[in-house]
Amino acid sequence: DAGITQSPRHKVTETGTPVTLRCHQTENHRYMYWYRQDPGHGLRLIHYSYGVKDTDKGEVSDGYSVSRSKTEDFLLTLESATSSQTSVYFCAISDSVNYGYTFGSGTRLTVV
Amino acid sequence: QKEVEQDPGPLSVPEGAIVSLNCTYSNSAFQYFMWYRQYSRKGPELLMYTYSSGNKEDGRFTAQVDKSSKYISLFIRDSQPSDSATYLCAMSEGGNYQLIWGAGTKLIIKP
């Protein structure tokens with residue numbers, strides 16, 4: 001996806017280990033978001049950022065933390081991975097919080 | 001009850017048919033309405049965006065908002081197999097409020 005990349009694309013990790021997912025943008029957008037997508041639940045917001053070092057929680061933030069030390073990078077950390085965190089994680093960017101989100105290609109995370 | 005309801009489908013129609021995808025919502029303060037298309041194993045991509053009420057057309061796609069009924073629709077004319085995807089609606093009140101997402105409708109266009 002133009003202007004936004006996620007890494008890694010796939011990851012398998014063990015229960016109890018910390019995991020960090022990375023989102024990198026080249027669009028200089030103010031807002032960055034982390035979502036998870038699960039069957040039957042659609043997209044659920046984990047955390048979002050409205051500027052460097054400015055972050056806030058979404059509806060499913062328990063067990064996750066984020067950091068944004070540069071405009072272009074937004075990191076999502078699973079502090080101690082659990083099987084319930086097996087999901088597809090999407091990063092998104094936007095200039096407005098209300099519309100026009102651009103999504104990355106996703107990270108497929110499996111916790112065993 | 002979820003703020004935004006969307007039938008998960010799958011909705012299967014023959015090629016060339018007119019497709020109607022819908023979302024209902026409960027929050028009368030929503031002002032921004034969007035439709036995203038998501039192909040399998042890809043991220044969602046913005047298809048249509050409407051502010052407040054009315055219709056918006058872009059090629060074979062028409063987005064319609066009926067705020068009095070709290071109902072939005074996406075119409076696809078002359079549907080193609082390449083339109084097979086999951087379609088997600090999203091909406092927002094504006095200001096600092098986040099997008100609220102529907103769960104998505106899976107659409108299958110049969111050749």
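Preceding this section is the structure that the text describes.
Predicted, not measured: the structure shown is a model, and the values here were computed from it.

The rules behind each value
Residues numbered from 1 in each chain as written. Chains lettered and ligands numbered in written order. Predicted model: local features only at pLDDT ≥ 70, side-chain atom pairs only at ≥ 80, totals over all residues. Heavy atoms only, no water. Salt bridge = Lys/Arg side-chain N within 4 Å of Asp/Glu carboxyl O. Helix = DSSP H or I, 4+ residues; strand = E, 2+ residues; numbered from the N terminus. Core = buried A, V, L, I, M, F, W, Y, C linked by side-chain atoms within 4.5 Å. Buried < 20%, exposed > 50% of the residue type's maximum accessible area, 1.4 Å probe, protein only. Contact = heavy atoms within 4.5 Å. Pairing = 2+ DSSP bridges. Axes fitted to C-alpha atoms, helices over the stretch in contact; angles between N-to-C directions.

(A) Expanded view of the pattern of salt bridges. All names here are of chain A. Tallying each qualifying case throughout the model produces seven salt bridges over all chains. Residue D73 is joined to R22 by a salt bridge in which the shortest nitrogen-to-oxygen separation is 3.1 Å. With a gap of 51 residues between them, D73 in strand β8 (residues 73-78) and R22 in strand β3 (residues 19-25) connect regions that are remote in the sequence. A salt bridge links D38 to R36; its shortest N-O distance comes to 2.8 Å.

(B) Quick peek at the nonpolar core. Residues and elements named next belong to chain B. Counting 23 residues, the largest nonpolar core has W35, I72, L74, Y87 and M91 as its most contacted members. Mapped by element, the contributors of at least two residues to this core are β3 (19-25), β4 (32-38), β5 (45-51), β7 (61-66), β8 (71-76), β9 (85-92) and β11 (105-110). Beyond its immediate stretch of four places on either side in the chain, L74 contacts V19, S20, L21, W35, L47, M48, F61, T62, A63 and Y87.

(C) Structural view of the environment of A:H10. If you trace the backbone, A:H10 turns up in strand β2 (residues 10-13). Separated by 98 residues in the primary sequence, A:H10 and A:R108 place their C-alpha atoms 4.7 Å from one another.

(D) Geometry of unusual backbone geometry. Note that the residue after A:S7, namely A:P8, is joined by a cis bond; omega there is -10°. Within the secondary structure, A:P8 is located in the loop between β1 (4-7) and β2. For A:K53, which is not glycine, the phi torsion reads 65° and is therefore positive. Within the fold, A:K53 resides in the loop between β5 (42-51) and β6 (54-57). Given a relative accessible area of 65%, A:K53 falls into the exposed group. Of note in this structure, B:D78 is not a glycine but carries a positive phi near 45°. In this structure, B:D78 sits in the loop between β8 and β9. By relative accessible area, B:D78 is classed as partly exposed at 43%.

(E) The sheet that holds β1(A), seen in detail. Residues and elements named next belong to chain A. Taking strand neighbours across the sheet as the criterion, the four strands line up as β1-β3-β8-β7 in an open arrangement whose pairing is antiparallel. Pairing within the sheet leaves two strands with one partner each, and these edge strands are β1 and β7 (64-70). Neighbour-to-neighbour, the strand axes of this sheet turn through a mean angle of 20°, independent of strand direction. As paired strands, β7 and β8 are joined by five bridges and run antiparallel to one another. If you follow S67 over to β8, its bridge partner there is L75.

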